[in-house]
Amino acid sequence: MNEANSQQNSSKFSDIGEILGILRKRKNVIIWTTVICAVLTLFVSLFVITPKYSSSTDILVNRKMDNPNGQVNDQGQIQADIQMISTYKDIITSPTILNTVSSRLADEGYHISSGAIRNSISISNQQNSQVFTVAVKAKNPQLAAAMANTIADVFKTKVKKIMSVNNVSILSKAVASPSPVSPKVGLNTIIGIVVGLILGLILAFVANGLDRTITDESFITDDLELNDLGIISEIPASKVKKLISTGHIASRGSGKRRV
């Protein structure tokens, strides 16, 4: 049992050593692939992808109703208002709202279609909160802020007729932010490095699998089952030149041989 465990551990160490040997042998492939992917990702993030700016506004919609006890907005009413937020989200992204938003933006000098506005909107709210946030992404910060504020104003006006809701409050106006939210250059570069590293490892093992160079005499004796007649060592070219210069080996065509 101990001998079997010893052989198994030896096999594991041999496999690990083989993997490390491949990584050392193909390290240039791994390094260059990682560097190229990182540089390409950085270049695309800085010069190809158009920066996007985000701006948001917070809206509160509720219905104030006095109950017989004089309390305002009991728990049941609050839960009903929270459930209505999904409906408000659909209303905001409807043509009724966005067509008006597009017209108002055109009056301000921003020409953008209702479909493009819809694609740039994201609406979110915290759990059990009556407040929802309308966030807009655009190519410049002024446009993003103008879109968010116009959407909130149009919704406040239109929802009174659509849902008979009179208590709509815009809690915070959207402001232009000078910092783009995308692309995330740092994050993209890290992703490029990771992808390049993985790709480099794959290329390293593929290149090693396609390499048919015999580097170990065990391939001849074990795999091909041939006799090992001897080993011919490779002499570096620099050493050969040194031997020639010192006269230990005669240069070709000199007609002299020395030992």
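Residues numbered from 1 in each chain as written. Predicted model: local features only at pLDDT ≥ 70, side-chain atom pairs only at ≥ 80, totals over all residues. Heavy atoms only, no water.

### A look at the overall build of the protein chain
Counting its secondary structure elements, the protein chain contains 10 helices and 4 strands. Listed by position from the N terminus, the elements making up the protein chain come as α-α-β-α-α-α-α-β-β-α-β-α-α-α. Put simply, the protein chain has 259 residues, and 26% of those count as buried. Within the structure as shown, the protein chain displays about 17,800 Å² of accessible surface, and the carbon and sulfur contribution to it stands at 56%. (Helix = DSSP H or I, 4+ residues; strand = E, 2+ residues; numbered from the N terminus. Buried < 20%, exposed > 50% of the residue type's maximum accessible area, 1.4 Å probe, protein only. Areas by Shrake-Rupley, 256 points an atom, 1.4 Å probe, with all protein chains shown as cover.)

### Considerations on the sheet that holds strand E2 (residues 121-125)
Reading across from one edge, E2-E3-E1-E4 is the order of the 4 strands in this open sheet, with antiparallel pairing throughout. For this open sheet the edge positions go to E2 and strand E4 (168-172), each flanked by a neighbour on one side alone. Pairs of neighbouring strands in the sheet enclose a mean axial angle of 30°, with direction left out of account. Of the pairings in the sheet, the one linking strand E1 (residues 53-61) to strand E3 (residues 131-138) comprises 8 bridges and is antiparallel in character. Each bridged residue has a counterpart across the sheet, and for Thr-57 the counterpart in E3 is Val-134. (Pairing = 2+ DSSP bridges. Axes fitted to C-alpha atoms, helices over the stretch in contact; angles between N-to-C directions.)

### Points about the side chain of Ser-102
The residue Ser-102 is located in helix H5 (residues 95-107) in this model. The buried category is assigned to Ser-102, whose relative accessible area is 17%. Look past the residues within four positions of Ser-102 in its chain and what remains in contact with it is Ile-112, Ser-113, Ser-114 and Ile-117. (Contact = heavy atoms within 4.5 Å.)

### A word on a nonpolar patch on the surface
Together, Leu-42, Phe-43, Val-44, Leu-46, Phe-47, Val-48 and Ile-49 make up a nonpolar patch on the protein surface, roughly 640 Å² of accessible area in all. With respect to the element layout, Val-48 can be found in helix H2 (residues 27-48). (Patch = residues over 30% accessible without salt bridge, like charges linked within 9 Å, V, L, I, M, F, W, Y side chains within 5 Å. Salt bridge = Lys/Arg side-chain N within 4 Å of Asp/Glu carboxyl O.)

### Thoughts on unusual backbone geometry
Trans peptide bonds make up most of the peptide bonds, and negative phi angles are found at most residues other than glycine. Residues Ser-182 and Pro-183 are joined by a peptide bond in cis, for which omega reads 0°. Here Pro-183 is to be found in the loop between E4 and helix H8 (185-210).

### Details of the confidence of the model for the protein chain
Looking at the protein chain as a whole, the pLDDT averages 82, with 77% of positions reaching at least 70. Considering each helix and strand of the protein chain separately, the mean pLDDT is smallest for helix H9 (residues 218-223), with a value of 63, and largest for H5, with 95. Long-range and interchain partners of residues 253-259, a stretch whose pLDDT sits below 50, account for 5 contacts in this model, where long-range means more than four residues apart. (pLDDT = per-residue confidence, 0-100.)

### Re the environment of Ser-177
With respect to the helices and strands, the residue Ser-177 is situated in the loop between E4 and H8. The exposure class assigned to Ser-177 is partly exposed, which follows from its relative accessible area of 26%. For the pair Ser-177 and Ser-55, spaced 122 residues apart in sequence, the C-alpha to C-alpha distance is 6.8 Å. For Ser-177, the residues in contact, after removing those within four places along its chain, are Tyr-53, Ser-54 and Pro-141.

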